[in-house]
Structures are given as C-alpha cells and as structure tokens.
Amino acid sequence: MLIADLKLSSRRHRRGEGKPPKLPKPILKLPYRRFPASMGFFSVGSKIYMVGGGVFTSDVKPIVSRRCYAFDTCDNLLEDGPPMHHEKMRPIVLGPLNGKFYVLGETLASGDLEEFDPKAKSWTCLPRLPTDLQDESVDPCFEYKRDDYEVHSYAIVENRLLFSTRKGTYAFDVISRKWESPSSWGSVVKLPCCEQSIFLDGLWYAFPSANRSGVSAYSFDWCKGFQESQELGVMRPSRHLKHEASEIMVPMGERTLIVVRAGFSHSSRRKCYVSFDMCRFTRKSSGKPKHPKVSRQYSTTYRMKGDLCELLGLSACLVI
C-alpha cells in the first residue's frame, strides 16, 4: 500500500527529458505468507478496510478467506475487523450507498452478497439470487452454469445494485432487499462498461471495454438503459505505458476522479510503470445529452522494478 503525490507533474517525463521517479516506499506491507491476495478494498473515514481474497499455492486449490482487516491511516495501525459470513475470492465492492457497503464474490451463483454497516461494524447476509442452478451432486453441468452468473460489470443506480452476467443483468434493491430480473423493468438493461463504473454529477463514467483505453460517460434511464454520452480524452498520460496490464478509477468527490494505470514500456515486461491522472469533468451549457468536458489537473508516472510485474493488478480507495 502506497501514497502517490498527484501534484508531481509528469510532463517532463513524457517529453523524454528524464526518467519517472521510483515508486514511493509503501506505508503498509502485507506479506503474502500472512495475508490473502486479491482482497477487496473500501474506505470509511480514515480507515481502509481489506476483505476476502485467498492464499494461492501451486497445484493446490486456493484457500479462500472471509477475514477483514482495518488500517487506520492516522495512526498507521493495522487491526482485525469483523469477519464476513462467507469466504470471497476477488470480492466485488460497491458503495457507499446510504452509508453502507456491499460485497459479493465473483459470481451471483455463490449467493454470498453481504452488507457492511460501518457504524455498527457488522455484516448482514442478504438474500441470494434465485437461479436455475441445481445441486452440484446431481447436475454434472453445475460448474458450467455457475459461469453463466459470473459478474462482468456492475453499477449503482438509485437504490439498486446492478450486476451484468452472461445470463443477463440483475438488480438488487437495498431498500426492499429483493432481487429484480430484467423482465420486471419492461426493457432490456445492459451494462456497456468493463467491470466498475463511477457515478458523478448525474453521469456514469467507465472503461467501455478491455480493448479501449479511454473513459466514456453514460446517461441512464429505465426505458433506454445506459446510453454513451461521449468518449472522453482521458488517454495514457505517459509514453512509457505502451502495454497496459490494469486500470481503475477512483472517485475524488464532485466531478473529479483519478484514473490509475499500470503497465509496461515494452512487450518484454522488463520495465513497469504506474501512472495517476486526476481529472475534472464539467458539463457544457447546451446540447442534448449534455456532454462533459475533461481537464487534467495533475498527472504523474512512477517506475517500479521489473520483478514486481505480478503486482500490477490494481486496487485503490480514497481516504479523506
């Protein structure tokens, strides 16, 4: 876990006038022998919560975790938090929504959606999605059917958590605590984005697909679903990132988010870099739909050791 200085301009590095600085020393190390890998992250106040994940060993099925850790950035203190009820490998985190966070495993078929209340510091199991899956012992196609419910992308719309799968899009209403299928909406709602989406100032911002490096803005209504408003000019901030391995977005408050990318300068993967772009979006005064403009406030690029390329799977959260 590290802190990046977003005010460190990388223009000089993009013009080739110098090397990007080394990645800062981490403020917290989580040795893989003691902590799970591929955890989910979210922040509440000055604390960063880390949940789920698993321990990977060669030729052995991963040991999946339900543990929760809380790191206080004020005291630099790491402590155990309340454990989840179910183990989750590569958990999906949504929130905050009405002051609470929602954590799911990789597939809706697992039925392990849970709600975390930061005030009560407790987890609540939520109803599982009714599916056409049969018991594993009587259905040889069980694992194949589970893949139909693997979550590819997700979003928060009003009081609903939307999950896109190969089987279709499903929504969980956090108020009524009930699942909704597409047939109940009167229209087909598809999530056109890749993995996460960020809601800011009436629009949803997301990476359209794994093959497009830009950020797109989307409008939404229940009749038409998600409609692309504009592909924004949030491109690679550094010439060093020619081969990307991972990219995420982190909301920074009203109309501002950070785009974080990790990748390599060459296909050989010997030189690794991590870039940070702080972008601010403003709407034009005219036009339907209203298209946002984007301005890059701060940008910086760091380099890291080539033997750390396996760490380029990114996770991030904001502490205010």
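**Concerning the nonpolar core**
Core analysis: the biggest nonpolar cluster contains 19 residues, and Leu-108, Leu-113, Leu-161, Phe-163 and Trp-179 have the highest contact counts within it. Of all the secondary structure elements, the ones that give two or more residues to this core are strand E7 (92-97), strand E8 (100-104), strand E12 (160-165) and strand E13 (168-173). Element by element, the count of residues in this core is highest for E7, at three residues. If we ignore the near neighbours within four places in the chain, the residues touching Leu-108 are Leu-129, Tyr-149, Val-151, Phe-163, Thr-165, Tyr-170 and Trp-179. Ala-155, Leu-162, Trp-204 and Phe-220 belong to the second-largest nonpolar core, a separate cluster that totals 13 residues.

**Focus on the pattern of salt bridges**
By the definition in use, this model includes nine salt bridges. Between Glu-158 and Arg-160 there is a salt bridge, with the nearest N and O atoms lying 3.3 Å from each other. Using a relative accessible area of 18% as the deciding quantity, one classes Arg-160 as buried. Residue Glu-180 pairs with Arg-160 through a salt bridge whose shortest N-O separation is 2.9 Å. Residue Glu-180 is found in strand E14 (residues 178-180), and its partner Arg-160 is found in strand E12; the two are separated by 20 residues along the sequence. Put simply, Lys-100, Glu-115 and Arg-177 are held in one network by salt bridges that share partners.

**What about the sheet that holds E8?**
Spatially, the four strands line up as an open sheet ordered E7-E8-E9-E10, and their pairing is antiparallel. Either end of the sheet is taken by a strand with one partner, and the two such strands are E7 and strand E10 (122-125). Here the strands of the sheet are splayed against their neighbours by 25° on average, with no regard to which way each runs.

**Section: the packing of aromatic side chains**
Going through the model one piece at a time under the given rule, you end up with 14 aromatic pairs. Arranged with centres 4.5 Å apart and planes meeting at 50°, the rings of Phe-199 and Trp-204 form a pair that is tilted. Judged by its relative accessible area of 46%, Phe-199 is partly exposed. Ring centres 5.7 Å apart and planes at 90° place the aromatic pair Trp-204 and Phe-226 in the edge-to-face group. Residue Trp-204 is found in strand E16 (residues 203-206), and its partner Phe-226 is found in strand E18 (residues 225-232); the two are separated by 22 residues along the sequence. On the basis of relative accessibility, which here comes to 12%, the residue Phe-226 falls in the buried class. Among the aromatic residues, ring-to-ring pairing joins Phe-42, Tyr-49, Phe-101, Phe-116 and Trp-123 into one connected group.

**Some points on the sheet that holds strand E11 (residues 153-157)**
Taken in spatial order, the four strands of this open sheet run E11-E12-E13-E14, and their pairing is antiparallel. Taken across any chain shown, the strands that pair with only one partner, and hence form the sheet edges, are E11 and E14. Each strand axis lies, on average, 25° off the axis of its neighbour in the sheet, ignoring direction. Pairing of E11 with E12 involves five bridges; the strand directions are antiparallel. The residue bridging Ser-153 from the neighbouring strand is Ser-164, located in E12.

Calculation rules
- Residues numbered from 1 in each chain as written.
- Predicted model: local features only at pLDDT ≥ 70, side-chain atom pairs only at ≥ 80, totals over all residues.
- Heavy atoms only, no water.
- Core = buried A, V, L, I, M, F, W, Y, C linked by side-chain atoms within 4.5 Å.
- Buried < 20%, exposed > 50% of the residue type's maximum accessible area, 1.4 Å probe, protein only.
- Helix = DSSP H or I, 4+ residues; strand = E, 2+ residues; numbered from the N terminus.
- Contact = heavy atoms within 4.5 Å.
- Salt bridge = Lys/Arg side-chain N within 4 Å of Asp/Glu carboxyl O.
- Pairing = 2+ DSSP bridges.
- Axes fitted to C-alpha atoms, helices over the stretch in contact; angles between N-to-C directions.
- Phe/Tyr/Trp six-rings, centres within 6.5 Å; stacked < 30°, edge-to-face > 60°.

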